[in-house]
There are 2 protein chains.
Amino acid sequence: MELSIATYIEQHKQQFLDELFDYLRIPSISSEAAHRPDMMRCAEWLREALRRAGATRAEVFGTDGNPIVYGERIVSAEAPTVLVYGHYDVMPVDPIDEWTTEPFEPVIRDGRIRGRGADDDKGQGFMHVKAFEALVATGTLRCNVKFMFEGEEEIGSGALTTWCGEHKEMLAADVILVSDTSLLGWETPSITCGLRGLAFVEIEATGPNRDLHSGLYGGAVVNPVNALCKLIGSLTDEATGRITIPGFYDGVREFNTAERAAINAAPFDEGAFAAAIGLDGLHGGEKGYTAMERKGIRPTLDVCGIWGGYTGEGAKTIIPASAHAKVSMRLVAGQDFERITELFVEHVERLAPQYGIRVRCQALHGGYPYMAPTESAAYQAAAQAMEETFGRRPVPFYSGGSIPIISTFERVLGIKSILMGFGLDTDAIHSPNENFPLANFYRGIETLPRFYEYFAAATTAAAGRE
Amino acid sequence: MELSIATYIEQHKQQFLDELFDYLRIPSISSEAAHRPDMMRCAEWLREALRRAGATRAEVFGTDGNPIVYGERIVSAEAPTVLVYGHYDVMPVDPIDEWTTEPFEPVIRDGRIRGRGADDDKGQGFMHVKAFEALVATGTLRCNVKFMFEGEEEIGSGALTTWCGEHKEMLAADVILVSDTSLLGWETPSITCGLRGLAFVEIEATGPNRDLHSGLYGGAVVNPVNALCKLIGSLTDEATGRITIPGFYDGVREFNTAERAAINAAPFDEGAFAAAIGLDGLHGGEKGYTAMERKGIRPTLDVCGIWGGYTGEGAKTIIPASAHAKVSMRLVAGQDFERITELFVEHVERLAPQYGIRVRCQALHGGYPYMAPTESAAYQAAAQAMEETFGRRPVPFYSGGSIPIISTFERVLGIKSILMGFGLDTDAIHSPNENFPLANFYRGIETLPRFYEYFAAATTAAAGRE
């Protein structure tokens, strides 16, 4: 009789940790050119780790940027295929003085793995390798598994996007499984079902051809700052908090009562959330939605920066020649960032003459939103797996942030992702003293095999019914 | 028979110019400490010039700042008294490379006196000394004349304000006569009848206690930049262009049809004015008033500077912790800058919670508006004098700018000023290559004696009627 998965994990805990420490010791900082050799070293280490874990194929693919590690184990042509995504690159360590341990000399302290990449995403990515190893070693793997680990997630995933387009067949899968997000809390397991997209546009509003004396000209001449304020003010409706750009909400996915109830089932202390950022309450955004919904499943329009005229000390009485604003719109399922950018620019250009200014808009950045339907087999398998290890059903979490590569996978490979992260908000990713609780690391390795089990069962059952 | 004034002037033209050149050669830059000795030298030179011209008393008064030159000639206890104001300090000369002649080596070129102070205000002030000399020399002075020349006009007139308060009796007069402004044009003689006041306030709008991720928080949290834009936008009414601060227009002097006709009688080419500043038209300000009126007799609210959040290159997706704006309000007759500042701050503080932000306002600067009624004897005398030399009636001009000392005279000494300037907009005051047309210099010396004549006649006639 073969070992149970639980027993295998229990017997190999120290080995898993030792291996992770080896992985963490490689300073694979993708944004620093000096670490270029470390990227290759890290990719090769990971290829070997995949081989040892049971991959029948494991390769390092060169790219224009950092290499991509690919591995697979095909159990059957009929079995469902899971494509695991992770990244082996990490963020820089500055400000180095604020670290209490060495970033690339991992240690356990206070029950936490400490070091750069402990969570993001070496720790979380390596859970998948070890869960896979446990499945293989115990003869219980009933899915085909493919791995792709990139080395450029922290710098925009440039090489991966191209590479995916070139390897669609090799990457064919039923679902992409990713652990690069956080739980709402240890007591509140969650699965990230949504990521917002982004349209980022800079507006330049111009009036007179130079700064004018506010006395000699004031009253006779439109002031571009006053005008831009009016224009920006008009982009959101004061009574409803809704964005007034025509067509902005076209196609926005509306959540039904049950879905909204599930989102709001997450314990969320508005008062504490507000207090932590120095506010006495959460008053922004669209009326008719909870704060949790407003920052997850509703689009926004925020000015990220504004400037114009004299900004030094004291008084300088001018009518500025121009004013500028950087505007970020977070987008949700059903919104196309290119279309929204277009609508924004058209609307602003249409309004400008009414406010007496000329405008020039520049699209600076954009990304698609992402959404994983909670009724999918993959989501249900993930939820069931987590419920079993955490003792409670995970809540669907709609993150207001963006992970551009996830929507890219959907667009390039046509595959949905399940964001089954085991981090915590206290893990200080991207900051000094990054860490990952040991308990989360092992809980992840314990939970992931269950996902494969339930996903295989669900897809086989579905196939049987056909 | 004594000489006529015209003949006296004709015979002394070269001498007047030589003396002015001596005056211009003294580099009396008030804002540069290195020129402190030049200030005293210049004041003493001017005292001697007053003596030579016919002053029976001429003194240099020490102050905490630069000295003040006082002179007088009292012809009779019954005669009206004219107090002449001017300043002997000049602006710095930077950027020195842009001068085509030496700033403190005056020359005549293309019919213009060239050098720092040629117009502002040595050239214009010295016309008064020479006109006075002509009156004395020809035995035609029928007014008492007092002179005060300060050395701090370009740096805020600090010493003069205090000094006036301490010498009210000595300075007692029926009118203050000032040449420190411009004509609308050689073909459009004008008298400046109004100066706008100023209330300048900085607003700090704060939201969260730090910049937030616009994805993770966007929608749940009020954005201080969006909110400040809405708040500023609400301060002017879009349909009427009027300022919405309650009480803002209380007491504003409304001009009657005849007065408005006189203001608009000045040839003013809106198209050319707009084109010169790169605009296709003048669309700002309050509806129902011409551009000439909007920049002269109506109050304004202009943002002189705004800033908040990320203003560097590219995209940074944050909700800024704060936003700032500097707001200048130009005020007109009937408005008290302290009251307006108070109304502004109260209004902004009242609005802030509605927009979900906290605000802190700081009054940075303020000054009273000034207005000389066109029906006064002094205005009429000035208008008659100019009509005679220019061959056409001067138009009353309401300047949108501020000359704070003029309203200070009214408040401290209780005396109205007549702003009878002979400069042109092309004189490049405060800029490199300051100049003053020779014709204007002589035209001023020719016009001013007529003012004394008509003013004496009018006040004597009025006294006779009593």
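In this text, all values refer to a predicted model and were calculated from it rather than measured experimentally.

Parameters and conventions
- Residues numbered from 1 in each chain as written.
- Chains lettered and ligands numbered in written order.
- Predicted model: local features only at pLDDT ≥ 70, side-chain atom pairs only at ≥ 80, totals over all residues.
- Heavy atoms only, no water.
- Least-squares fit on C-alpha atoms with pLDDT ≥ 70 in both.
- Contact = heavy atoms within 4.5 Å.
- Core = buried A, V, L, I, M, F, W, Y, C linked by side-chain atoms within 4.5 Å.
- Buried < 20%, exposed > 50% of the residue type's maximum accessible area, 1.4 Å probe, protein only.
- Helix = DSSP H or I, 4+ residues; strand = E, 2+ residues; numbered from the N terminus.
- Pairing = 2+ DSSP bridges.
- Axes fitted to C-alpha atoms, helices over the stretch in contact; angles between N-to-C directions.
- pLDDT = per-residue confidence, 0-100.
- Salt bridge = Lys/Arg side-chain N within 4 Å of Asp/Glu carboxyl O.

### Here we look at the relation of the copies chain A and chain B
Part 1: Relative to chain B, chain A is turned by 180° and slid 0.1 Å along the rotation axis, the superposed coordinates differing by an RMSD of 0.1 Å. The operation mapping one copy onto its partner corresponds to a two-fold rotation axis.
Part 2: Counting the interface residues of chain A, we find that 100% of their copies in chain B are interface residues as well, pointing to one common contact surface.

### Describing the nonpolar core
Part 1: Grouped together as the largest cluster of nonpolar side chains are 98 residues, with contacts concentrated most on F441 and F451 of chain A.
Part 2: If you tally residues by element for this core, the top one is helix α12 (residues 438-465) of chain A, at ten residues.
Part 3: Sequence-distant contacts of F441 of chain A, defined by excluding residues within four places in its chain, comprise F16, L17, L20, I113, G123, F126, M127 and F436 of chain A.
Part 4: Grouped together as the second largest cluster of nonpolar side chains are 78 residues, L235 and F344 of chain A together with V303 and C361 of chain B included.

### As for the sheet that holds strand β5 (residues 112-114) of chain A
All names here are of chain A.
Part 1: Taken in spatial order, the three strands of this open sheet run β4-β5-β18, and their pairing is antiparallel. In this open sheet, the two strands that pair with only one neighbour each are β4 (107-109) and β18 (435-437). Adjacent strand axes in the sheet meet at a mean angle of 30°, parallel and antiparallel pairs treated alike.
Part 2: Two elements, β5 and β18, share three bridges in a ladder whose sense is antiparallel. When the bridges of β18 are listed, R114 appears paired with N435.
Part 3: On the sheet, helix α1 (residues 5-25) packs against β4 and β5 and is oriented at approximately 25° with respect to β5.

### Some words on the environment of S431 of chain B
All names here are of chain B.
Part 1: If you trace the backbone, S431 turns up in the loop between β17 (417-419) and β18 (435-437).
Part 2: Residues S431 and P95 lie 336 residues apart in sequence; the distance between their C-alpha atoms is 8.3 Å.
Part 3: In contact with S431, not counting residues within four places along its chain, are W99 and R116.

### Remarks on the side chain of E133 of chain A
Part 1: By secondary structure assignment, the location of E133 of chain A is in helix α3 (residues 122-137).
Part 2: Not counting the four nearest positions on each side in its chain, E133 of chain A is found in contact with Y8, Q15, F16 and A53 of chain A.

### Focus: the confidence of the model for chain A
Part 1: Residues with a pLDDT of 70 or more make up 99% of chain A, whose mean pLDDT is 95.
Part 2: Prediction confidence for the complex, expressed as pTM and ipTM, is 0.88 and 0.88 respectively.

### Regarding the pattern of salt bridges
Part 1: In this structure the tally under the stated criterion is 48 salt bridges over all chains.
Part 2: A salt bridge links E202 of chain A to K326 of chain A; the nearest nitrogen and oxygen atoms lie 2.7 Å apart. In this pair, E202 of chain A sits in strand β9 (residues 197-206) while K326 of chain A sits in strand β13 (residues 322-331), placing the two residues 124 residues apart along the sequence.
Part 3: With relative accessibility at 1%, the residue K326 of chain A sits in the buried group.
Part 4: R360 of chain B is the salt-bridge partner of E204 of chain B, the closest N and O atoms lying 3.1 Å from each other. Of this pair, E204 of chain B sits in strand β9 (residues 197-206) while R360 of chain B sits in strand β14 (residues 358-367), placing them 156 residues apart in sequence.
Part 5: The structure contains a network of salt bridges with shared partners spanning E19, R52, K130 and E133 of chain A.

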